[in-house]
Amino acid sequence: MIIDCDPGHDDALALLLAVGDPRLDVRGVTTVAGNQTLDKTTTNALRILGLAGVADVPVAAGHDRPLSGELTVAEDIHGASGLDGPDLDVPVGAVAGIHAVELMRRLIAGTAEPVTLIATGPLTNVASLLRDHPEVRPGIDRIVFMGGSTERGNTTPYGEFNIVTDPEAADIVLRSGLPVTMIGLNVTHQALATPEVIAEFRAMETRLGDVCAELMVFFAGAYRRVFGFDHPPVHDPIAVAQVIDPAMVRTVTVGVAVELTGTYTRGATVVDLHGRAGDDRTGDDRTRNGRTGDDRAGDGRTGDGRTG
Ligand code: BDR
Ligand code: CA
């Protein structure tokens, strides 16, 4: 797998989960502008991998702005560094001397087994890869991204941050016809860093555990201040967790489109939960069994839909 990220407090935990779980084979980490500027998200990725003692995974920096328009960072949530809270060491590793999209291309071309792309930031790098190197498509097993929502947003009333930051990129990914799993706010708002979770990090009695605790304490403060939440939703690790154990998140196969032009809703994900749109905008398997793949009717199986 390849992780494309914009660390970011929850991206940091997603990275740690990915490199720490023996069931995953992380071949590369690529960074994108989002929560903070590209130089900061890249430095933060190196800091986190250094903290985890990971030296053998290449890191490459990607796009420093969305495909269209200006970058607006999430300093209110992630602070001036993008990873405010703990006192983190200067990065030990160095970035690969190639663009993130080129690193992705080479990694996918260089392995016989299809690669899973996990994206936890704006989809700028992933969209560029698909647009500029369509030959890599057979080498991609599926794309799992954190972003969007079946419900309301967090950056605009209906727009989630990663999609609002680069709606055109999300549109390319969702129209790609590849298997895509969307891990939206409707899922991630169930994964909270409660005081009990933070206490578990502290109880590890390691530098890594303390850093995770301090990251979540800062994140909790930001979510309390900005949204009035008691506990912060830890979005990005859910995308990694869903790859580790797909049964952890029930998915349904439905059409998902991105609003590109709405007066108030640019960047909103329009999720056709009830199969009402009557088209195949995502190219996904919406006609399976003549329904949208929702198993709420109670057949007890985890849906095998890919746009969850
Ligand atoms: C997403 O936006 C970022 O602030 C987080 O890192 C996460 O990827 C949540 O909307
Ligand atoms: Ca992120």
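Read on for a plain summary of the structure. In this text, all values refer to a predicted model and were calculated from it rather than measured experimentally.

1. A short note on the overall build of the protein chain
Reasoning step 1: Scanning the protein chain from N- to C-terminus turns up eleven helices and eight strands.
Reasoning step 2: For 308 residues, the compact-globule estimate of 2.2 N^0.38 gives 19 Å, and the C-alpha radius of gyration of the protein chain, at 18 Å, lies within 12% of that figure.
Reasoning step 3: When the backbone C-alpha atoms are referred to their principal axes, the protein chain occupies close to 55 × 45 × 40 Å.
Reasoning step 4: Residues counted as buried form 49% of the 308 residues belonging to the protein chain.
Reasoning step 5: Here the analysis covers contacts within the protein chain between residues at least 6 apart in sequence; of these, 78% occur between residues at least 24 apart.

2. Observations concerning helix 7 (residues 167–174)
It helps to recall that an α-helix has 3.6 residues per turn; residues three or four apart then point in one direction.
Reasoning step 1: For helix 7, the tally of buried residues reaches seven of eight residues, placing the bulk of the element in the interior.
Reasoning step 2: Buried residues along helix 7 sit in contact with helix 5 (124–132), strand 5 (140–146), helix 6 (161–165), strand 6 (180–183) and strand 7 (256–258).

3. A few points about the nonpolar core
Reasoning step 1: Counting residues in hydrophobic clusters, the biggest one holds 81 residues, and the most contacted among them are Leu 15, Ile 143, Phe 145 and Val 173.
Reasoning step 2: Per-element accounting of this core gives the leading share, eight residues, to helix 10 (residues 207–227).
Reasoning step 3: Setting aside anything within four residues of it in sequence, one finds Leu 15 in contact with Ile 3, Cys 5, Pro 7, Val 29, Ala 45, Ile 48 and Leu 49.

4. Focus: helix 1 (residues 9–20)
Reasoning step 1: Taking 1.5 Å per residue as the helical rise, helix 1 with its twelve residues ought to reach 16 Å, and the 17 Å between its terminal C-alpha atoms agrees with that figure.
Reasoning step 2: Among the twelve residues in helix 1, nine count as buried, and that is most of the element.
Reasoning step 3: Those residues of helix 1 that sit buried are His 9, Asp 10, Asp 11, Ala 12, Leu 13, Ala 14, Leu 15, Leu 16 and Ala 18.
Reasoning step 4: Elements that come into contact with the buried residues of helix 1 comprise strand 1 (2–5), strand 2 (28–31), helix 2 (38–51), helix 3 (75–78), helix 10 and helix 11 (237–244).

5. Remarks on the sheet that holds strand 2
Reasoning step 1: In space, the six strands of this open sheet follow the order 3-2-1-4-5-6, with parallel pairing throughout. Every interior strand has two partners, whereas the edge strands, strand 3 (59–61) and strand 6, have only one. Between one strand axis and the next, the sheet turns through 15° on average, direction left out of account.
Reasoning step 2: The pairing of strand 1 with strand 4 (residues 115–119) spans three bridges and is parallel. Its bridge partner being in strand 4, Ile 2 is matched across the sheet by Leu 117.
Reasoning step 3: The strands touched by helix 2 within the sheet are strand 1, strand 2 and strand 3, with strand 2 carrying the most contacts at an inclination of about 150°.

Cut-offs and rules
Residues numbered from 1 in each chain as written. Chains lettered and ligands numbered in written order. Predicted model: local features only at pLDDT ≥ 70, side-chain atom pairs only at ≥ 80, totals over all residues. Helix = DSSP H or I, 4+ residues; strand = E, 2+ residues; numbered from the N terminus. Rg over C-alpha atoms; globule rule 2.2 N^0.38 Å. Buried ≥ 20, exposed ≤ 12 C-beta atoms within 10 Å, placed from the backbone. Contact = placed C-beta atoms within 7 Å. Core = buried A, V, L, I, M, F, W, Y, C linked by C-beta atoms within 7 Å. Expected span 1.5 Å × (residues − 1). Pairing = 2+ DSSP bridges. Axes fitted to C-alpha atoms, helices over the stretch in contact; angles between N-to-C directions.

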